[in-house]
Amino acid sequence: AFYTLVLKGHIAIQRCVFPRYVTGHRIDAFARHALWQCGTRPTASGATLEASMVVSNEPGYYSSGKFGIRIENLEVIVPASHLFTTTTEVKEEEEEVDLIVTRARQMTQSGGATANAASLCFSTLTMAPLCRDLIERTLLTETEIAWVNRYHARVLQVLKPRLMTTKVMGSQSNEHQTSTVSSSSAQAVAYLERHCAPI
């Protein structure tokens, strides 16, 4: 249960919309809320948050002498304006991690919308599956379940092509060429697909 409670805090932070220059300590309560309800004391940290910064979303829980849990993703701070639009251009752009970082940095340097945005939010950079076996679905809300499934779908979309390393065999004329996937890559893909399947 503790992993899922920490995950709830992680999701709450990632979905948070906040004003410019707010400190991380003011957002900590989102990470701590689920564990507070169980009478526990989670860990979290924070600093002043500004557009284009890359920060760590890392709520955790530690039981002295027993175990510790931390779920950590890097997030880039971007304008929250894209949350209130449905344009195809914005949706496509937000799906590309490198474009998100570049766009935020360029707009900040030019004094554009990112620097002057009234509201900011986090866009996830880290692409790694959560520990599926430790997630207790019954402790999550429908919104949180949808977040986990969207995150895992994106992780699979980004990582699977990179794991599908191919070795091309055939003539120099490229006729009758075939491609194979190494056994280690196949195992990695199978692991990824299992852990990124909808919960």
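Remember, predicted model here, so these are calculated numbers, not experimental data.

How each quantity is defined
The numbers attached to residues start from 1 for each chain and follow its sequence in the written order. Confidence filtering applies because this is a predicted model: local features only for residues at pLDDT of at least 70, side-chain atom pairs given and counted only at 80 or more, and all residues used for totals across whole chains, interfaces and linings. Side-chain figures throughout are based on the complete set of non-hydrogen atoms in the structure, without hydrogens or water. Segments assigned H or I by DSSP are reported as helices when at least four residues long, segments assigned E as strands when at least two residues long, and all are numbered from the N terminus. In this scheme, a residue with accessible area under 20% of its type's maximum is buried, one over 50% is exposed, and one in between is partly exposed, where area comes from a 1.4 Å probe on protein chains only. Simply put, an axis is a line fit to the C-alpha atoms, just over the touching stretch for a helix, and the angle between two N-to-C directions goes from 0 to 180 degrees. The scheme is simple: roughly parallel for angles under 35 degrees, roughly antiparallel for over 145, roughly perpendicular for 65 to 115, oblique for anything else. We call two residues contacting when some pair of their heavy atoms lies within 4.5 Å. Ten residues, namely Ala, Val, Leu, Ile, Met, Phe, Trp, Tyr, Cys and Pro, are considered nonpolar, four, namely Asp, Glu, Lys and Arg, are considered charged, and the remaining ones, Gly among them, are considered polar. Here, expected helix span is obtained from the residue count minus one, scaled by 1.5 Å. The term nonpolar core refers to a set of buried residues drawn from Ala, Val, Leu, Ile, Met, Phe, Trp, Tyr and Cys, joined through side-chain atoms within 4.5 Å. Salt bridges are counted wherever a side-chain nitrogen of Lys or Arg sits within 4 Å of a carboxyl oxygen of Asp or Glu.

Participant: A description of the environment of Arg20 should follow, citing residues and the corresponding values.
Facilitator: Counting through the fold element by element, Arg20 comes out in the loop between β1 (17-19) and α2 (24-36). Judged by relative accessible area, Arg20 falls into the partly exposed class, the value being 30%. Note: C-alpha distance between Arg20 and Leu49 (29 residues apart in sequence) is 6.9 Å.

Participant: An account of the packing of helix α1 (residues 2-14) against helix α6 (residues 142-163) is requested, with residue identities and associated values reported.
Facilitator: Interaxial distance between α1 and α6 falls to 11 Å at its minimum, and their mutual angle equals 80°. What the angle tells us is that α1 and α6 run roughly perpendicular. Across the interface between the two elements, Leu7, Lys8, His10, Ile11 and Gln14 of α1 pack against Glu144, Trp147 and Val148 of α6. Considered class by class, the residues forming the contact of α1 with α6 number four nonpolar, two polar and two charged.

Participant: Give me the lowdown on unusual backbone geometry, citing residues and values where you can.
Facilitator: At Ser52, a residue that is not glycine, the phi angle is positive and equals roughly 75°. Mapped onto the secondary structure, Ser52 falls in the loop between α2 and β2 (54-57).

Participant: Which residues make up α6, and what values go with them?
Facilitator: Under the 1.5 Å per step criterion, the end-to-end length of α6 is 31 Å for 22 residues, consistent within 8% with the ideal 32 Å. When α6 is considered as a whole, its buried residues turn out to be Glu144, Ile145, Trp147, Val148, Tyr151, His152, Arg154, Val155 and Val158.

Participant: Help me get a handle on the nonpolar core, residues and values and all.
Facilitator: Within the largest apolar cluster, 20 residues are counted, with the highest numbers of intra-cluster contacts made by Leu7, Leu130, Ile135 and Val148. Of all the elements in the fold, those that place two or more residues in this core are α1 and α6. Looking at this core element by element, the count peaks at six residues for α6. Setting aside residues up to four positions removed in sequence, Val148 forms contacts with Leu7, Ile11, Leu130, Ile135, Leu140 and Ile199. Counting residues in each nonpolar core, the second largest holds 12 residues, with Ile13, Phe18, Ala31 and Ile77 among its members.

Participant: Lay out the pattern of salt bridges in plain terms, naming residues and giving numbers.
Facilitator: Throughout the structure, instances matching the rule amount to four salt bridges. Put simply, Lys8 and Glu144 hold a salt bridge, and the shortest N to O gap is 2.8 Å. Of the two residues, Lys8 sits in helix α1 while Glu144 sits in helix α6, which places them 136 residues apart along the sequence. The class for Lys8 is buried, based on a relative accessible area of 16%. Classification of Glu144 as buried rests on a relative accessible area of 12%.

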